[in-house]
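Residue-level listing of the chains:
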Amino acid sequence: MKQLTVLVALAGALAGCGPVRSTSNILDAEVQIQAARTAGADKLAPYEWTAANLYIHKAREEVSYSDYQAGVDFAVKASKYANEAREKAMAAANAGTDVTSGDNRPTP
């Protein structure tokens, strides 16, 4: 009987980890997306920016279906693309180029 109690307690503890971990990863991705927005990624790194936003949307959707592992996976991808978008936007801003127009000449 004691083993059953320990097993039930352990299962309950593990069941609580999914929502906490997915929420944490989604919040981290949202912070990365906000940092990318601040860097101007919506204009300077549109591919990565769009991918990050679509992945965070999908992460929230999967968590709403209680598929926490899929939510974590999509949130990690959103964070990765948001970070890439921020870095690309910062590099483009520092170089003074507009990567979306294909014109690599510095702006006056």
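Residues numbered from 1 in each chain as written. Predicted model: local features only at pLDDT ≥ 70, side-chain atom pairs only at ≥ 80, totals over all residues. Heavy atoms only, no water.

1. Focus: helix α4 (residues 68-95)
Taking 1.5 Å of rise per residue, 28 residues should cover 40 Å, and α4 covers 40 Å from first to last C-alpha, within 8% of that figure. Among all positions in α4, only Ala70, Gly71, Val72, Ala75, Ala78, Ser79, Tyr81, Ala82, Ala85, Ala89 and Ala92 are buried. (Helix = DSSP H or I, 4+ residues; strand = E, 2+ residues; numbered from the N terminus. Expected span 1.5 Å × (residues − 1). Buried < 20%, exposed > 50% of the residue type's maximum accessible area, 1.4 Å probe, protein only.)

2. Some words on the environment of arginine 21
Relative to the helices and strands, arginine 21 is located in helix α1 (residues 2-38). Note on arginine 21: relative accessible area 47%, which makes it partly exposed. Once residues within four sequence positions are removed from consideration, arginine 21 is found in contact with Gln69 and Val72. Side chain to side chain, arginine 21 and glutamine 69 meet in a polar contact 3.4 Å long. (Contact = heavy atoms within 4.5 Å. Polar contact = N/O pair within 3.5 Å; in protein donor to acceptor, adjacent residues only side chain to side chain.)

3. So, the nonpolar core
Ranked by size, the top nonpolar core spans 20 residues in total, and within it Ile26, Ile33, Ala41 and Ile56 carry the most contacts. Contributions of two or more residues to this core are made by α1, α2 (41-44), α3 (46-64) and α4. By residue number, the principal contributor to this core is α4, which donates seven residues. Excluding residues that lie within four positions of it along the chain, isoleucine 26 makes contacts with Ile56, Ala59, Arg60, Val63 and Ala75. (Core = buried A, V, L, I, M, F, W, Y, C linked by side-chain atoms within 4.5 Å.)

4. A short note on the packing of aromatic side chains
If you walk through the whole model with that rule in mind, you get three aromatic pairs. Both rings, one in tyrosine 55 and one in tyrosine 81, keep their centres 5.7 Å apart while their planes meet at 15°; by these two values the pair is stacked. With a gap of 26 residues between them, tyrosine 55 in helix α3 and tyrosine 81 in helix α4 connect regions that are remote in the sequence. Aromatic ring contacts, followed pair by pair, group Tyr47, Tyr55, Phe74 and Tyr81 into a single cluster. Positioned above the aromatic ring of tyrosine 81, the side-chain terminus of lysine 80 is 4.3 Å from the ring centre. (Phe/Tyr/Trp six-rings, centres within 6.5 Å; stacked < 30°, edge-to-face > 60°. Lys NZ or Arg CZ within 6 Å of the ring centre and 35° of its normal.)

5. Focus: the packing of α3 against α4
Running from N to C, α3 and α4 point in directions that differ by 160°, and their axes come no closer than 7 Å. Between α3 and α4, the angle falls in the class roughly antiparallel. The crossing of α3 and α4 is left-handed. Two secondary-structure elements touch here, α3 through Tyr47, Glu48, Trp49, Ala51, Ala52, Tyr55, Ile56, Lys58, Ala59, Glu62 and Val63 and α4 through Tyr68, Ala70, Gly71, Phe74, Ala75, Lys77, Ala78, Tyr81, Ala82, Glu84, Ala85 and Lys88. Tallied by class, the residues present in the contact of α3 with α4 amount to 16 nonpolar, one polar and six charged. (Axes fitted to C-alpha atoms, helices over the stretch in contact; angles between N-to-C directions. Parallel < 35°, antiparallel > 145°, perpendicular 65-115°, else oblique. Left-handed = near helix turned anticlockwise from the far one by under 90°. Nonpolar A, V, L, I, M, F, W, Y, C, P; charged D, E, K, R; others polar.)

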